[in-house]
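# Working through the structure, step by step
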Amino acid sequence: MNATVPGMSDLPGTDASGRTRRQEFERRQRRRALAVATTSTLVVAALVVILVPRTPGWYKVKRSFFDVEVFSTTFPRLLSAFVKDVQIFAWCAPCILALGMLIAVLRSVRAPALFPFRLFAAAYTDVFRGIPVILTILLVGFGVPGLGLDRPYNSPYLWGSVALVLNYSAYVAEVFRAGIESVHESQRAGARSLGLSSASTLRHVVLPQAVRRVIPPLMNDLVSLQKDVALISLIGPIEVLRQAGIDKSKYANFTPYVGAALIFLLLTIPETRFVDWLVARERRRTTGTAVR
Amino acid sequence: MKLSLRDVHKAFGPRAVLSGISLDVAQSEVIALIGASGSGKSTLLRCVNLLEPIDDGVILLDGLDISEPGLAADAIRRRIGMVFQSFNLFPHMSVLANVTLAPRKVLKVDKAEAEDRARSLLTRFGLAERVDSFPDQLSGGQQQRVAIARSLAMEPEVMLLDEITSALDPELVGEVLDVVRELKTSGMTMLLATHEMGFAREIADRVCFLDRGEIIESAAARDIFERPQHERTRQFLQRVTDAGRL
């Protein structure tokens, strides 16, 4: 084509490869950015690898926290103890979401007959958000079985879980409530104008939008729950933190704790990335284009 | 009379928004409410749809006092359709789900039948291809046509249109007005608040000019635009003309 139009190839718009000036510029920019990022990462990594072992005391730090031998003997034990953490999380999380939703809905209902429930819901969130998780666990986990309950109703698993559910539901309820309140009044007007009752409006219009909006903060709370499950170790169950503590004492070495930390990270980092992906997918699905 | 308002009063706190509105709408009549922003047009429509309770006066639908405090409002609202300036579509639902929600949940129509009816409504408004789209994927004009279809799916006896073209780009206004023209042809009783004077003149049997919560003048469309009787009506129309909107 260029040959048929005299002087076309001399125009600044395209070069020999057929790319526009803009495309050529952006290509150069991308290459340059990649080169700079790679170089700086390599430099920093090299400095860490070279300098850190030369610091005074590194040998002690390494022996105490990163002992390969201790790690390889304790890590499998830690992993199997971690199954308990996952189990406790797995039955607590649905209970927390359900109870949190219930409390949030009770707080936003305006019917006068339900006023006692509103009052209860408000008091509940105030109380349990105001108490440290660990205190709730000690109080419920030691306190309730201490009333003289028989097996299996005195299980620390049971009461530890109850404590977590009580505490986290309060946080999750507030997240749901914020979501419910973020749905614009015009959505309610739209639904009510069609003759939907206030319950139907809540169920079909407000809650679905509220829940979608709060998925990221909700997942924050669940990741946080995944970690706080370890606090149950204080009332007895041998889960990963407790197991790491036992191994720490046995080998007089902190490596098992580092191993436990590693296990938590292996779970929580993919969890958060998965949530990011979910949110991005939802946005793509309903808007067509991703807004950067 | 299909719809009657008798001396309707409404205030938000100390601010009176409607001060003694009386208006009769006959079966299949189209009435346009015109007036400056804040004159009470939208509030009037919201009161008729019971989205706002009125302070005093009576609203009658087919002779039934729907302003009676304590009346089951949901049963009344399903007989009165309302379309909003900002569409108020449900963004988490497809177009089809938006249109079928109320028939299914309120009228208990089964899913297949509700979808059939929704599809034919959407086809009628040129939206056959968009049934599976989400509101955010549509243009403003398309969204507003979906909103009208959603309202019509309840087979209302009266339609209230609250400045339904005000949020649209100028080139999209026409497609929405076409839908309203079609509704008039089908004999729908309509009460519409609008800033589109040309359209009000074309489609309305009667035009009411509202100012500070009162109906200042109410007359046949042609009369009000060509021979306004009241000084405030003349001033308003003059401002609209000066702004190039008539």
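Rules behind the numbers
- Residues numbered from 1 in each chain as written.
- Chains lettered and ligands numbered in written order.
- Predicted model: local features only at pLDDT ≥ 70, side-chain atom pairs only at ≥ 80, totals over all residues.
- Heavy atoms only, no water.
- Buried < 20%, exposed > 50% of the residue type's maximum accessible area, 1.4 Å probe, protein only.
- Helix = DSSP H or I, 4+ residues; strand = E, 2+ residues; numbered from the N terminus.
- Pairing = 2+ DSSP bridges.
- Disulfide = S-S within 2.5 Å.
- Contact = heavy atoms within 4.5 Å.
- Axes fitted to C-alpha atoms, helices over the stretch in contact; angles between N-to-C directions.
- Buried area = accessible area lost by both parts, 1.4 Å probe.
- Salt bridge = Lys/Arg side-chain N within 4 Å of Asp/Glu carboxyl O.
- Polar contact = N/O pair within 3.5 Å; in protein donor to acceptor, adjacent residues only side chain to side chain.
- Phe/Tyr/Trp six-rings, centres within 6.5 Å; stacked < 30°, edge-to-face > 60°.

## Some details on the pairing of strand β9 (residues 206-211) of chain B
All names here are of chain B. Among the six residues in β9, five count as buried, and that is most of the element. When strand β3 (residues 30-34) meets β9, the two strands line up parallel, connected through four bridges. Bridging across to β9, Ala32 finds its partner in Val207. Two elements, β9 and strand β10 (residues 214-220), share six bridges in a ladder whose sense is antiparallel.

## Description of the state of the cysteines
A full pass over the atoms with the stated rule returns zero disulfides over all chains. As a non-bridged cysteine, Cys47 of chain B has Cys208 of chain B as the owner of its nearest cysteine sulfur, 15 Å distant.

## Topic: helix α1 (residues 41-48) of chain B
All names here are of chain B. Counting buried positions along α1 gives six out of eight residues, so the element sits mostly inside the fold. If you check which residues of α1 are buried, you get Lys41, Thr43, Leu44, Leu45, Cys47 and Val48. With its phi angle positive at about 60°, Leu50 sits one or two positions after the end of α1.

## Regarding the sheet that holds strand β4 (residues 56-61) of chain B
All names here are of chain B. If you trace the four strands from one edge of the open sheet to the other, you get β2-β1-β4-β5, paired in antiparallel fashion. Looking at strand neighbours, the two that pair on one side only are β2 (15-25) and β5 (64-65), the edges of this open sheet. The sheet contact formed by strand β1 (residues 3-12) and β4 spans five bridges and is antiparallel. Looking at the pairing, Leu5 lines up with Ile59 of β4. Along the sheet, α1 contacts β1, β2 and β4; its crossing angle with β1, the most-contacted strand, is approximately 115°.

## Details of the interface of chain A and chain B
Residue-level contacts link 21 residues of chain A with 25 residues of chain B. Taken together, the two surfaces of chain A and chain B that pack against each other cover about 1900 Å², and 61% of this comes from carbon and sulfur. Here chain A is connected to chain B by one salt bridge. The closest approach of N and O atoms between Asp74 of chain B and Arg192 of chain A, which form a salt bridge, is 3.0 Å. Applying the counting rule to chain A against chain B returns four residue pairs in polar contact (both at pLDDT 80 or more). Those elements that place two or more of their residues in the side of chain A that touches chain B are α7 (185-193), α8 (198-228) and α10 (255-287) of chain A. Per-element accounting of the side of chain A that touches chain B gives the leading share, seven residues, to α7 of chain A.

## Some points on the packing of aromatic side chains
All names here are of chain A. Tallied over the full model, the rule gives 11 aromatic pairs over all chains. Between the aromatic rings of Trp58 and Phe66, the centroid separation amounts to 6.4 Å while the plane-to-plane angle is 35°, which identifies the pairing as tilted. On the basis of relative accessibility, which here comes to 23%, the residue Trp58 falls in the partly exposed class.

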